[in-house]
Amino acid sequence: MRKYIGFLKISSIVVKILAWIFLCLGILTGVFVFYRPPPGYTWISGAFAFGVYSFIAFLFYLFGTLLSVVAKIINKIETSES
């Protein structure tokens, strides 16, 4: 299991970066629709888009945090056994 620790750490970082990208997309979409809405869109659709992107970002960040915790647990188990 110790050989997967590096993969888990890198995956955790990549997933957290993806979460920040989704959060930035949500902020940009929400601000764009709030200040200069396209024809046929209301401010509610901007708030909805921001909420959806924020929820997806939260899930990705939570998944990345869980990956890093799993890597730490595996590392702790492997070092205590040897």
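Note that this is a predicted model, so its numbers are computed, not measured.

A. Molecular detail of the packing of aromatic side chains. Under the criterion given, the structure shown has 3 aromatic pairs. Within the aromatic cluster, the residues linked to one another by ring pairs are F22, Y53 and F60. One cation-aromatic arrangement involves K16 over Y61; the distance from NZ or CZ to the ring centre is 5.5 Å.

B. Summary view of a nonpolar patch on the surface. Together, I27, V31, F34, Y35, W43, I44 and F50 make up a nonpolar patch on the protein surface, roughly 780 Å² of accessible area in all. Sorting the residues of the nonpolar patch by element identifies α1 (5-35) and α2 (43-81) as the ones contributing at least two each. Among the elements that take part in the nonpolar patch, α1 stands out by supplying 4 residues, more than any other. Along the chain, I44 falls in helix α2.

C. Quick peek at α1. With 31 residues, α1 should reach 45 Å at 1.5 Å per residue; the first-to-last C-alpha distance of 45 Å fits that figure. Where α1 is buried, its residues touch α2.

Rules used in this analysis
Within any chain, residue numbers begin from 1 and follow the written order of that chain's sequence. Local features in a predicted model are, by the rule used here, given only for residues with pLDDT of at least 70; side-chain atom pairs are given and counted only at 80 or more, and totals for whole chains, interfaces and linings are based on all residues. For side-chain calculations, the full set of non-hydrogen atoms in the structure is used, while hydrogens and water are omitted. Aromatic rings from Phe, Tyr and Trp, with only the six-membered ring used for Trp, were paired whenever their centres fell within 6.5 Å, and each pair was classed as stacked if the ring planes differed by under 30 degrees, edge-to-face if by over 60, and tilted otherwise. We count a charge as sitting over a ring when the NZ of a lysine or the CZ of an arginine lies within 6 Å of the ring centre and within 35 degrees of the ring normal. Nonpolar side chains (Val, Leu, Ile, Met, Phe, Trp, Tyr) are joined into patches within 5 Å and like charges within 9 Å, using only residues with over 30% relative accessible area and no salt bridge. Accessible surface area values rest on a Shrake-Rupley calculation with a 1.4 Å probe, where residue burial reflects the displayed protein chains alone. Here a salt bridge means any side-chain nitrogen of Lys or Arg lying within 4 Å of a carboxyl oxygen belonging to Asp or Glu. Helix numbers and strand numbers start at the N terminus; a helix is a DSSP run of H or I with at least 4 residues, a strand a run of E with at least 2. Residue count minus one, scaled by 1.5 Å, sets the expected span of a helix. A contact between two residues is defined here by any heavy atoms of the two lying within 4.5 Å.

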